[in-house]
Each structure stands twice: as C-alpha cells, then as structure tokens.
Amino acid sequence: MSAKRNTDNELWYTLKGIKQWLIQQLDAIFSDSVLMNFFSGKVRKVILYIHNRYNEELTAETIGRELSLSGDRIRHLFKEEVGRTVTDYIIWYRMEKVKYSSDKKITRYTRLRKR
C-alpha cells in the first residue's frame, strides 16, 4: 500500500483523522470569508470579537459596549442567525480552543516520547 493510501486511510478510518478533518471544516466555517456569506455584519462582528477575546470575561453587554449595540439586540440577532445563545457560543468556542490546544500538546508529547 502506498504512503498516500495510508494517509487517506488514517484520515477517514481513524478517530484522529476524522477529528482533524472536522477541525479543518470548522475552521473554514468560521473564517472571515465564510462568515460574510452566512451572517449579517453585526453578527459577524460579534463572532469575531468572541474569537479574538475568548479568554476575557464576555457577556452580550460587554460585547455590545464595544460594538455600539445593546446586549438585548446582540442576543436577539445572534440567536436568530446562529441558532444558539451568545453565552452558549462563547462556552462552545472556549471548549473547542481548549480541546485543540490539548490535542496539540498531546501530539507534541507523543512525538517527543517516540524519539
């Protein structure tokens, strides 16, 4: 079996490969260019604000102050367009960042251990 075939098998037939593919897809979904196609400018700004400041204390009100919108307006637009609350999205995004960071550390540790 060729090296290319082994790579394809790992991508689609292991959890690690499927997870890598899914992470790539999520990154593409939430990239700036794709956001422009799916969400209004206001919701895009909220999402990008969350992505850039996820490690800070965030609420709809704090985001609203920075973007000159009310917290209620942000909550309404976000739920309508994204399909989840701002708080749920912040929690989800933080968890994804931790999972991604942990996976990178585990992979790095595994590589060092194999040496």
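Right above here is the structure, for reference.
Residues numbered from 1 in each chain as written. Predicted model: local features only at pLDDT ≥ 70, side-chain atom pairs only at ≥ 80, totals over all residues. Heavy atoms only, no water.

Q: Is there a simple way to think about the packing of helix H4 (residues 41–53) against helix H6 (residues 71–82) in this case?
A: Helices that pack against each other are described as a pair by the angle of their axes relative to one another and the distance between those axes. The interhelical angle for the contact between H4 and H6, taken along N-to-C directions, is 95°, at an axis separation of 10 Å. Taken as axis vectors, H4 and H6 run roughly perpendicular relative to one another. Side by side, H4 and H6 meet where Lys42, Val43, Val46 and Ile47 of the first sit next to Ile74, Leu77, Phe78, Glu81 and Val82 of the second. Tallied by class, residues from the contact of H4 with H6 come to 7 nonpolar, no polar and 2 charged. (Axes fitted to C-alpha atoms, helices over the stretch in contact; angles between N-to-C directions. Helix = DSSP H or I, 4+ residues; strand = E, 2+ residues; numbered from the N terminus. Parallel < 35°, antiparallel > 145°, perpendicular 65-115°, else oblique. Contact = heavy atoms within 4.5 Å. Nonpolar A, V, L, I, M, F, W, Y, C, P; charged D, E, K, R; others polar.)

Q: Sorry if this is basic, but what is going on with the pattern of salt bridges here?
A: One pass over the full model with this rule turns up 3 salt bridges. Residue aspartate 72 pairs with arginine 75 through a salt bridge whose shortest N-O separation is 2.7 Å. With aspartate 72 and arginine 75 both in helix H6 and 3 residues apart, this pair spans about one turn of that helix. Given the relative accessible area of 55%, aspartate 72 is considered exposed. Notably, a salt bridge pairs glutamate 96 with lysine 99, separated by 2.9 Å at the nearest N-O pair. (Salt bridge = Lys/Arg side-chain N within 4 Å of Asp/Glu carboxyl O. Buried < 20%, exposed > 50% of the residue type's maximum accessible area, 1.4 Å probe, protein only.)

Q: Hey, could you run me through the nonpolar core in this one?
A: If you look at soluble globular proteins, the nonpolar side chains tend to sit buried side by side. Ile50, Ile63, Ile74, Phe78 and Val86 are the most contacted members of the largest nonpolar core, which has 17 residues in total. Broken down by secondary-structure element, the contributors of at least two residues to this core are H4, helix H5 (60–67), H6 and helix H7 (86–114). Setting aside chain neighbours within four positions, we find valine 86 in contact with Ile50, Ile63, Ile74, Arg75 and Phe78. (Core = buried A, V, L, I, M, F, W, Y, C linked by side-chain atoms within 4.5 Å.)

Q: Is there a simple way to explain unusual backbone geometry in this structure?
A: Note: most residues except glycine have negative phi, and most peptide bonds are trans. In the Ramachandran plot, serine 68 falls in the positive-phi region, its phi being about 60° despite a non-glycine side chain. Turning to its location among the elements, serine 68 is positioned in the loop between H5 and H6. A relative accessible area of 70% means that serine 68 is categorised as exposed.

Q: So what exactly am I meant to see when it comes to the packing of H5 against H6 here?
A: As a packed pair, H5 and H6 sit with axes 8 Å apart at the nearest point and diverge in direction by 105°. As judged from the angle between their axes, H5 and H6 are roughly perpendicular. Between H5 and H6, the contacting residues are Ala60, Glu61, Ile63 and Gly64 on the first element and Gly71, Ile74 and Arg75 on the second. Residue classes in the contact of H5 with H6 are distributed as 3 nonpolar, 2 polar and 2 charged.

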